[in-house]
Amino acid sequence: MRRLAVLLGLFAIAACQHGGSSSPSADALPDSNFVLPGTFSEQTTVADLRARFGAANVKVGALPNDGGNGAVLFQDDPTRRAYVRFYDDAPLDHLASVTVTDPESRWSGKLGVKIGTPFAELRQRNVEKFWFAGFDAQREGNVRDMWNAGALDVTEGEQLYFGVDLRLRDAAPAGAYPSDESQVACDDPRYPKLDAFVVVSAISAWSSLDDEW
C-alpha cells in the first residue's frame, strides 16, 4: 500500500513538472505535421497552430524581412522552424503563407520536395513543364502557381498552393541562367545547364484571397 502511495506521488510530481498541459511534445510530433501544404488552409488560426505544435512553440510577433506581424513555429530550432504570415495583422487572421528556409529543416513539401532538392528532381517530380521567375541580384528565383497542372500544382482537397524558392549554386557562370525574367520555362533551350546550378532554397504554402476553396 505504501509503495502504491509513493508511485502515485511520483506521478503527481511529474505532472506538475510538465505544467499539467496536454500540449503535444515537440519531439513526439509526427512528420505529417511538417508537410506543406498538408492540412493548412487560409482559415488556419494561431489557436490551431498552438493546438497542433504546442503553445510554447508558437511565438507571435514581428517577422523578419519586413514580413509584418505573424507567428514563428519553433523559433530556436532550425530543424522545425517555419514562418507563418497572415493577411490581417490585428488580429492575426486569414493565413497568407507558411514558409520554411532553414537548410537542415525536417519540413517537406509535395512529393517530398525539400530545401536542397536539385532542379532536375523538381522537374522530374512535377512531370509537366513548369515556369519560374528568373534570378535577381541575390541569385534567387521562385515558382509560384506556374506548375502547369503538374504533380506539384494544387490538387483536389488542398486549400493552399505549394511554392518553392530557387537559388543558384556559387559555381553558376554568368549567362548560364535567366536574370530578372518574370517567366521562364524550366526547359528553356537558352539555359541547357540549369540542372547543374539550381537548387530549392525555400518551400512554402500560400493562399490567395481571390480563391474560393
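Structural notes, computed from the coordinates. For every chain, the first residue of the written sequence is number 1, and numbering continues from 1 along that sequence. Given that this is a predicted model, residues contribute local features only at a pLDDT of at least 70 and side-chain atom pairs are listed and counted only at 80 or more, while totals for whole chains, interfaces and linings are drawn from all residues. Values reported for side chains reflect all heavy atoms of the structure, with hydrogen atoms and water molecules removed beforehand.

### Digging into the overall build of the chain
In this text, helices come from DSSP runs of H or I with a minimum length of four residues, and strands from runs of E with a minimum of two, each type numbered from the N-terminal end. Looking only at helices and strands, the chain features four helices and nine strands. Written out in order from the N terminus, the α and β elements of the chain read α-α-β-β-β-β-α-β-β-β-β-α-β. Taken over 213 residues, the chain has a buried fraction of 43%. The criterion used for residue contact is that any of the two residues' heavy atoms lie within 4.5 Å. Restricting to contacts in the chain with at least 6 residues of sequence separation, those with at least 24 account for 59%. When the accessible surface of the chain is totalled, it reaches about 11600 Å², and 51% of it is carbon and sulfur. Three labels apply to residues, based on accessible area from a 1.4 Å probe with only protein chains included: buried if under 20% of the type maximum, exposed if over 50%, partly exposed otherwise in between. Only the protein chains shown count as covering a residue, and every accessible area follows the Shrake-Rupley method with a 1.4 Å probe.

### Let's talk about the environment of Lys129
Within the secondary structure, Lys129 is located in the loop between α3 (119-126) and β5 (131-132). In sequence terms Lys129 and Ala185 are 56 residues apart; their C-alpha atoms lie 7.1 Å from each other. For Lys129, the contacting residues outside a window of four places in its chain are Trp147, Asn148, Ala185, Cys186 and Asp187.

### Observations concerning the layout of surface pockets
Both site types are read off a 1 Å grid over the protein atoms alone. A 1.4 Å probe that fits but cannot get out defines a cavity, while an open set with protein on both sides within 12 Å along at least five of seven lines defines a pocket; lining residues have an atom within 4 Å of a point. Grid points are joined across faces, edges and corners, and a volume is the space filled by probe spheres set on the points. Its volume calculated, the largest pocket comes out at about 200 Å³. Listed by contribution, the elements that provide at least two residues to the lining of the largest pocket are β6 (140-143), β7 (161-168) and β9 (198-206). At four residues, the largest contribution of residues to the lining of the largest pocket is made by β9. Quantified by volume, the second largest pocket comes out at close to 160 Å³. Forming the boundary of the second largest pocket are Pro64, Asn65, Tyr83, Arg85, Thr99 and Thr101. In terms of residue class, the lining of the second largest pocket is made up of two nonpolar, three polar and one charged. Under the scheme applied here, ten amino acids are nonpolar (Ala, Val, Leu, Ile, Met, Phe, Trp, Tyr, Cys and Pro), four are charged (Asp, Glu, Lys and Arg), and all others, including Gly, are polar.

### Details of unusual backbone geometry
Look at the link from Leu36 to Pro37: it is a cis peptide, with omega at 0°. Note on placement: Pro37 falls in the loop between α1 (2-17) and α2 (46-53). Along the chain, Ala90 connects to Pro91 via a cis peptide bond; the corresponding omega equals -5°. Within the element layout of this structure, Pro91 appears in the loop between β3 (82-88) and β4 (93-100). The backbone of Asn148 shows a phi angle near 60°, a positive value even though the residue is not glycine. Tracing the sequence through the fold places Asn148 in the loop between β6 and β7.

### Topic: the pairing of β7
The buried fraction of β7 is high, at six of eight residues. Strands are treated as partners if at least two bridges between them are detected by DSSP. One ladder, built from four bridges, connects β6 with β7; its direction is antiparallel. The residue of β7 that forms the bridge with Asn142 is Asp165.

### Some words on the side chain of Glu158
Considering the arrangement of structural elements, one finds Glu158 in the loop between β6 and β7. On the basis of relative accessibility, which here comes to 17%, the residue Glu158 falls in the buried class. Here a polar contact is recorded for every N or O atom pair within 3.5 Å, except that within protein the pair must consist of a potential hydrogen donor and a potential acceptor, and residues adjacent in sequence are included only if both atoms are side-chain atoms. Among the polar contacts listed, one links the side chain of Glu158 to the side chain of Lys110, at a separation of 3.1 Å.

### Observations regarding the pattern of salt bridges
The salt bridge criterion pairs a side-chain nitrogen of Lys or Arg with a carboxyl oxygen of Asp or Glu, the two atoms within 4 Å. The tally for this structure, following the rule as stated, stands at nine salt bridges. Residue Arg125 pairs with Glu121 through a salt bridge whose shortest N-O separation is 2.8 Å. Of this pair, Arg125 and Glu121 both sit in helix α3, separated by four residues, roughly a single helical turn. On the basis of relative accessible area, Glu121 is assigned to the partly exposed category, the value being 30%. Ionic contacts of the salt-bridge type, sharing partners, join the residues Glu181, Asp188 and Arg190 into one network.

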